[in-house]
Amino acid sequence: MAALEWQLGTVTTIQPETPKTKSFYVALPKWAGHRPGQHIDLRLTAPDGYQTQRSYSIASPPELSGQLELTVDLIQDGEVSPYLHDVVMQGDQLELRGPVGGYFVWDVTVGGPLLLVGGGSGVVPLMAMLRHRAAQHSTIPARLLYSCRTPDDVIYRDELNQLAGSVAGLEVLITFTRQAPAGWTGYQRRIDAAMLNEVITPFGTSARTYVCGPTLLVESVANLLVGMGLPADRVHTERFGPTGS
Amino acid sequence: MARLISRGFLGRRRPPEVEKRLPPGQYLVTDFPVLSAGPTPHTPLDRWSFRIDGLVKSPVSWSWPEFQKLPTETVTVDISCVTKWTKLDTKWRGVTVDTLLKGVEVDPAGQYVMAFSDGGYTTNVPLNELINGQGFVAYEFDDKPLPPEHGGPARLVVPHLYFWKSAKWIRGLRFMDRNDPGFWESLGYHIHGDPWKEERYSGD
Ligand SMILES: Cc1cc2nc3c(=O)[nH]c(=O)nc-3n(C[C@H](O)[C@H](O)[C@H](O)COP(=O)(O)OP(=O)(O)OC[C@H]3O[C@@H](n4cnc5c(N)ncnc54)[C@H](O)[C@@H]3O)c2cc1C
């Protein structure tokens, strides 16, 4: 297989998503395409040659050609995310390569029903799947269960509302773990067995599930899904950290 | 291609003695991240066994109590995950592959090994990179039983390769006459995986 070459992209747009999350659109003349769920490796180089790398999921669907959207959560004491948030400006160049990851991927050829479970920035690769599904006018039944701390933390809020209201067969369920909006009648707790059971019931154990977010959320959701009878090979996971121990 | 300098990026520097232990593109962590493609299997110890099969004269298998009686070694090693983190001085106790292979007659053609795990995970390692103390099956981390999310009850540890080669939830080694790719190696990751050569993806 040909090597994954490093390539230079240009930041065309920076869009705040939440108070601590920003999306970066990166124009990439040489991008060869990706599947929803895959990520890229980003490499930063200091003037003296010091380098570091991090992985970021691709938020945009394959249908958006010539550019990628990356959505980055600010980790206060981090090395890379504060640089992206506080230093990078429109017109800057970023060096990256990809696409990487061949397992945490879903496209319409995989089929459904599709259950996506995300926590925090774990929604990013799931969004690529939902955007792809919409672009393909797919009617594969799909549900997103998205765990957020507060209403301020909902990444892609407007677009999720709009998708849920306009495309067939998609339901978006948000659970707020710290503080819900006034008058909220939906879930207000961490994802637990009862919640997963309700969400998966229409799909049963034939659901294809993709779980992404902090390690503790992913561990607990994946274990619950297996406990509910889903075959382990239908439970795809991606763990972003933090790691707890 | 002219080397890009990331405008305004200085980076977080580590003391030189730490920096020189970090393979290219890696960063230091002090916690212990968890990475796996699917759910964490939980295999009861009374149903656990460890098997050596494939190109061997006669396959062998140990139950958990039998495995516990094998001589162990304690090692302190640095580990590097392909997702970019490196953790220094991790302490493991386990049974070396050399010990496991005592009394196993390997077919001379069996120069490659597929490690296989609960949940269907596999990873390939050439035999000559598992012997002479390079690989072991660990069941203690930091003097405590290895937790399931980190691969317990037992995982392979091959510290000189990216950590996906250190198969979690390992249940055996299968000898092969070809270097067949395992799970991640079939999905675009490097067939060998040496962090110092930055062999992350196939073609690197
Ligand atoms: C496959 C993959 C895909 C990823 N996709 C995304 C993505 O789409 N968007 C995104 O924002 N991040 C994503 N991440 C995480 C990302 O790679 C970085 O780990 C993250 O941006 C932090 O890097 P940093 O340099 O700012 O912090 P570091 O300097 O690496 O870490 C600083 C401190 O923050 C802690 N920390 C690291 N990550 C987190 C976290 N997520 N939450 C809380 N504490 C943390 C560390 O343990 C450390 O103590 C992904 C990771 C992987 C492995």
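Because the structure is a prediction, the values reported are computed rather than measured. (Residues numbered from 1 in each chain as written. Chains lettered and ligands numbered in written order. Predicted model: local features only at pLDDT ≥ 70, side-chain atom pairs only at ≥ 80, totals over all residues. Heavy atoms only, no water.)

> Quick rundown of the overall build of chain A? Include the residues and the values.
The secondary structure content of chain A amounts to 5 helices and 11 strands. A globule of 245 residues ought to have a C-alpha radius of gyration of about 18 Å, and chain A, at 18 Å, matches this closely. Once the C-alpha set of chain A is aligned to its principal axes, its extents read approximately 55 × 40 × 35 Å. Residues classed as buried in chain A amount to 54% of the 245 residues present. A sequence separation of at least 24 residues applies to 72% of the contacts in chain A between residues at least 6 apart. Taken as a whole, chain A presents about 9900 Å² of accessible surface, with 51% of it coming from carbon and sulfur. A gap of 4 Å separates the mean positions of the 18 positive and 23 negative side-chain charges of chain A. (Helix = DSSP H or I, 4+ residues; strand = E, 2+ residues; numbered from the N terminus. Rg over C-alpha atoms; globule rule 2.2 N^0.38 Å. Buried < 20%, exposed > 50% of the residue type's maximum accessible area, 1.4 Å probe, protein only. Contact = heavy atoms within 4.5 Å. Areas by Shrake-Rupley, 256 points an atom, 1.4 Å probe, with all protein chains shown as cover. Lys, Arg positive; Asp, Glu negative; His and termini not counted. Charge placed at Lys NZ, Arg CZ, Asp CG, Glu CD.)

> Can you explain the layout of surface pockets? Please cite residues and give values.
Volume-wise, the second largest pocket comes out at about 190 Å³. Looking at the lining of the second largest pocket residue by residue, the classes come out as 7 nonpolar, 3 polar and 2 charged. (1 Å grid on protein atoms, 1.4 Å probe; cavity = no way out; pocket = protein on both sides within 12 Å on 5 of 7 lines; lining within 4 Å. Points joined across faces, edges and corners; volume = space filled by probe spheres on them. Nonpolar A, V, L, I, M, F, W, Y, C, P; charged D, E, K, R; others polar.)

> Report on the site of the ligand, specifying residues and quantitative values.
In the neighbourhood of the ligand, 24 residues make up the surrounding shell, with A:Ser55, A:Tyr56, A:Val80, A:Ser81 and B:Arg12 lying closest. Looking at the residues close to the ligand, they fall on chains A and B. At a separation of 3.1 Å, a nitrogen atom of the ligand approaches a polar backbone atom of A:Ser57. Residue A:Ser81 places a side-chain N or O atom 2.6 Å away from an oxygen atom belonging to the ligand. In isolation the ligand offers 920 Å² of accessible surface; the protein chains occlude 84% of this area. Those elements that provide at least two residues to the shell around the ligand are strand S4 (51–57), strand S5 (67–73) and helix H1 (81–86) of chain A. The biggest single contributor to the shell around the ligand is S4(A), with 4 residues. Of the residues belonging to the shell around the ligand, the class tally is 9 nonpolar, 8 polar and 7 charged. Two domains each donate at least three residues to the shell around the ligand, and these are domain 1 (2–100) and domain 2 (114–240) of chain A. (Near = heavy atom within 4 Å. Polar contact = N/O pair within 3.5 Å; in protein donor to acceptor, adjacent residues only side chain to side chain. Domains from an automatic or database assignment.)

> Before we move on, can you summarise the pairing of strand S5 (residues 85–96) of chain B with the specific residues and values?
Within a regular strand, the side chains alternate between the two sheet faces. Residue and element names in this part refer to chain B. Across the 12 residues of S5, 9 count as buried, placing the element largely inside the fold. In the sheet, strand S1 (residues 27–28) pairs with S5 via 2 bridges, with the strands oriented parallel. For Leu28, the partnering residue across the bridge sits in S5 and is Thr86. Pairing analysis gives 7 bridges linking strand S4 (residues 73–80) to S5, with the strands arranged antiparallel. Bridging from a neighbouring strand, Thr76 pairs with Lys91 of S5. Here S4 folds back onto S5, and the loop between the two strands holds 4 residues, one of which, Lys84, carries a positive phi near 100°. (Pairing = 2+ DSSP bridges.)

> Explain the packing of aromatic side chains to me, and be specific about the residues and the numbers.
Residues and elements named next belong to chain B. Inspection of the entire model under this criterion finds 26 aromatic pairs over all chains. Seen from their ring centres, Tyr121 and Phe183 are 5.7 Å apart, and the 55° between their planes marks the pair as tilted. On the criterion of sequence distance, the pair formed by Tyr121 in the loop between strand S6 (112–117) and strand S7 (122–126) and Phe183 in the segment after strand S11 (170–176) is long-range, its members being 62 residues apart. Both rings, one in Tyr189 and one in Tyr201, keep their centres 5.3 Å apart while their planes meet at 70°; by these two values the pair is edge-to-face. (Phe/Tyr/Trp six-rings, centres within 6.5 Å; stacked < 30°, edge-to-face > 60°.)

> Just give me the short version of the domain arrangement of chain A, but keep the residues and values in it.
Residue and element names in this part refer to chain A. Taken domain by domain, chain A consists of domain 1 (2–100) and domain 2 (114–240). Distance from the C-alpha centre of domain 1 to the C-alpha centre of domain 2: 24 Å. Roughly 1300 Å² is buried in total at the junction of domain 1 and domain 2, and carbon and sulfur atoms are behind 58% of that figure. Three residues, Pro36, Ser57 and Glu63, lead the burial of domain 1 against domain 2; their summed loss comes to 31% of the area buried on that side. Counting every contact that joins domain 1 to domain 2 gives 1 salt bridge. For the pair domain 1 and domain 2, the number of links is 6 residue pairs in polar contact (both at pLDDT 80 or more). Where the side of domain 1 that touches domain 2 is concerned, the elements lending two or more residues are strand S1 (7–18), strand S2 (21–27) and S5. (Buried area = accessible area lost by both parts, 1.4 Å probe. Salt bridge = Lys/Arg side-chain N within 4 Å of Asp/Glu carboxyl O.)

> Mind laying out the sheet that holds strand S9 (residues 170–176) of chain A, listing which residues take part and the relevant values?
All names here are of chain A. With parallel pairing, 5 strands are arranged side by side in an open sheet as S9-S8-S7-S10-S11. Looking along the sheet, the strands with just one partner apiece sit at the ends: S9 and strand S11 (235–239). Going from strand to strand, the sheet's axes swing by 10° on average, the running direction of each strand aside. Sheet strands touched by helix H4 (residues 193–200): strand S7 (114–119), strand S8 (142–148) and S9. Its angle to S8, the strand with the most contacts, is close to 155°. (Axes fitted to C-alpha atoms, helices over the stretch in contact; angles between N-to-C directions.)

> Just give me the short version of the environment of B:Gly152, but keep the residues and values in it.
Note that B:Gly152 resides in the loop between strand S9 (144–145) and strand S10 (155–157). Measuring from C-alpha to C-alpha, the distance between B:Gly152 and B:Ile170 comes to 8.4 Å, with 18 residues separating the pair along the chain.

> How would you summarise the nonpolar core if you had to cite specific residues and measurements?
Formed by 38 residues in total, the largest nonpolar core has its most connected members in B:Phe50, B:Ile52, B:Phe67, B:Leu100, B:Val137, B:Leu156 and B:Ile170. Those elements that provide at least two residues to this core are strand S2 (49–54), helix H2 (64–68), helix H3 (97–101), S6, strand S8 (136–141) and S11 of chain B. When sequence neighbours within four positions are dropped, the list of residues in contact with B:Phe50 reads B:Val60, B:Ser61, B:Trp62, B:Phe67, B:Leu100, B:Val137, B:Ile170, B:Arg171, B:Gly172 and B:Leu173. Counting 27 residues, the second-largest nonpolar core is a separate cluster that includes A:Phe104, A:Leu114, A:Leu116 and A:Tyr146. (Core = buried A, V, L, I, M, F, W, Y, C linked by side-chain atoms within 4.5 Å.)

> Hey, could you go over the interface of chain B and chain A for me, with residue numbers and the actual values?
Of the residues lining the interface, 42 residues belong to chain B; the matching set on chain A comes to 49 residues. The junction of chain B with chain A conceals about 3700 Å² of combined surface from both sides, 52% of it contributed by carbon and sulfur atoms. Taken as a group, B:Leu4, B:Arg7 and B:Phe9 account for 19% of the area that chain B buries against chain A, more than any other trio of residues on that side. Linking chain B to chain A there are 4 salt bridges. For A:Asp41, the salt bridge is made with B:Lys84, and the minimal N-O distance between the two is 2.8 Å. Counting the contacts that link chain B with chain A gives 19 residue pairs in polar contact (both at pLDDT 80 or more).

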